[in-house]
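Now for the letters of each chain:
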Amino acid sequence: MDERESDQVKLRARASEVGNLLASSTIPHRVSEAYTELFHIDNIVGQEARFADLIIVGPEMLRDPAVRDAVIDGALFHENVPVLLVPDECLAIAQPGNIVIAWDNSSAAAHAVRQGRAMLSSARQVTIALVDPDDEVLKSASDLSDFLQMSNVDSRISTLRSNGLTVEETLQDFACEGSADLMMMGAYGHSRLRERIFGGVTRAVIENPKCPIFLTK
């Protein structure tokens, strides 16, 4: 009981700190707090996500795998609200200038593009990145470029070879080397259970993001 009370005191102090920070800005805001069991976090996040356009997961939460996963599950699988991962030493920009789209011709990747269209429209550079693509993925990337052009978004297609690296390593290295402000990708191309058991690009990126990541499913 003493430990729980101490945790609640720390939570209230943190909420007050965040409230004070936002109070010094012109951003309309509401700060709420929830002290709950781990298994209930996704439900709480899902309820809050109903009235949000984006869920941001910052560096401290990314370092706590259990809470991180619960928050992402609540956002993506309870309300299907996009998630922005912001790792250490990275800056989340409201209007990123350099965006990399991780494209694999999945419906999740297409949904990420549609959800992120406002950011794509204001970017100065958009790159559609493909890793070891087959002919179908190459053609779909061309179709995506045409789709973006209809929204006045110029893009270029980059075909990447993994050369022994994993897909996520290849994508993130490319994004970092190109000084991308954001990588946009679909989450969980396979079933969520399969990804959790066998891993996957989504799981690997969530566990070790190297730049801001915009995720949708």
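Residue numbering note: each chain is counted from 1, following its sequence as written. For this predicted model, a pLDDT threshold of at least 70 governs which residues receive local features, and a threshold of 80 or more governs which side-chain atom pairs are given and counted, while totals over whole chains, interfaces and linings are taken from all residues. Excluded from the side-chain calculations are hydrogens and water; all other atoms, namely the structure's heavy atoms, are used.

Student: Break down the sheet that holds strand β6 (residues 182-186) for me, citing the residues and quoting the values.
Tutor: Across the sheet, which stays open at both edges, the seven strands sit in the order β1-β2-β7-β6-β3-β4-β5 with mixed pairing between neighbours. The outermost strands of the open sheet, each flanked by one partner alone, are β1 (55-57) and β5 (156-160). Strand-to-strand twist of the sheet, defined as the mean angle between neighbouring strand axes without regard to direction, takes the value 25 degrees. Strands qualify as paired when DSSP identifies two bridges or more between them. Numbered from the N terminus, helices here are DSSP runs of H or I no shorter than four residues, and strands are runs of E no shorter than two. Alignment of β1 against strand β2 (residues 83-85), held across three bridges, turns out to be parallel. Residue pairing in the sheet places I55 in a bridge with V83 of β2. Where helices are involved, their axes are fitted lines through C-alpha atoms of the stretch in contact, as for all axes, and angles between N-to-C directions lie from 0 to 180°.

Student: So what's going on with the nonpolar core? Residues and values would help.
Tutor: Residues belong to a common nonpolar core when they are buried Ala, Val, Leu, Ile, Met, Phe, Trp, Tyr or Cys residues joined through side-chain atoms within 4.5 Å. Remark: exposure states derive from per-residue accessible area (1.4 Å probe, protein chains only) relative to the maximum for the residue type, with buried under 20%, exposed over 50%, and partly exposed in between. If you look at the biggest cluster of nonpolar residues, it comprises 31 residues, and the most contacted ones within it are I55, V57, V83, L85, M183, I213 and L215. Sort the elements by how many residues they give to this core and helix α4 (residues 65-78) lands first, with five residues. Here, two residues are considered to be in contact whenever any of their heavy atoms come within 4.5 Å of each other. Each residue touching L85, except ones within four places of it in the same chain, is listed here: V57, L62, I72, I206, C211, P212, I213 and L215. If you look at the next biggest cluster of nonpolar residues, it comprises 23 residues, including I99, A109, A123 and F214.

Student: Go over the environment of A23 with me, naming the residues and quoting the values.
Tutor: When you line up the elements, A23 lands in helix α1 (residues 2-23). In this structure the C-alpha to C-alpha distance between A23 and S106, which are 83 residues apart in sequence, comes to 41 Å.

Student: So what's going on with the side chain of S145? Residues and values would help.
Tutor: Tracing the sequence through the fold places S145 in helix α7 (residues 135-150). The class for S145 is buried, based on a relative accessible area of 17%. Polar side-chain contacts of S145 include one of 3.0 Å to the side chain of S155. When near neighbours in sequence (up to four residues on either side) are disregarded, S145 contacts I128, S155 and I157. Whenever two N or O atoms come within 3.5 Å, that pair is a polar contact, provided that in protein one can donate a hydrogen and the other can accept it, and provided that, for residues adjacent in sequence, both atoms are side-chain atoms.

Student: An account of the layout of surface pockets is needed here, citing residue identities and associated values.
Tutor: Quantified by volume, the largest pocket comes out at close to 2400 Å³. Both site types are read off a 1 Å grid over the protein atoms alone. A 1.4 Å probe that fits but cannot get out defines a cavity, while an open set with protein on both sides within 12 Å along at least five of seven lines defines a pocket; lining residues have an atom within 4 Å of a point. Lining of the largest pocket is provided by 38 residues; of these, V18, S32, I56, M61 and V71 occupy positions nearest its centre. Sort the elements by how many residues they give to the lining of the largest pocket and α1 lands first, with nine residues. Residue classes in the lining of the largest pocket are distributed as 23 nonpolar, four polar and eleven charged. Grid points are joined across faces, edges and corners, and a volume is the space filled by probe spheres set on the points. For this scheme, ten residues count as nonpolar: Ala, Val, Leu, Ile, Met, Phe, Trp, Tyr, Cys and Pro. Four count as charged, namely Asp, Glu, Lys and Arg, and the remainder, Gly too, count as polar.

Student: Tell me what's going on with the pattern of salt bridges, and back it up with residues and numbers.
Tutor: Salt bridge, as used here, is a side-chain nitrogen of Lys or Arg placed within 4 Å of a carboxyl oxygen of Asp or Glu. Scanning all chains against the criterion turns up eleven salt bridges. We note a salt bridge from D132 to R161, for which the minimum N-O separation is 3.9 Å. With D132 in the loop between β4 (125-131) and α7 and R161 in the loop between β5 and α8 (167-177), this pair connects stretches of sequence that are 29 residues apart. Classification of D132 as partly exposed rests on a relative accessible area of 37%.

Student: An account of the pairing of β5 is requested, with residue identities and associated values reported.
Tutor: Pairing of β4 with β5, which is carried by five bridges, proceeds in the parallel orientation. Bridging across to β5, V131 finds its partner in L160. Handedness of a crossover: with both strands directed away from the viewer, a clockwise path from the first strand across the helix to the second marks it as right-handed. Regarding the hand of the β-α-β motif, the stretch spanning β4, α7 and β5 is right-handed.

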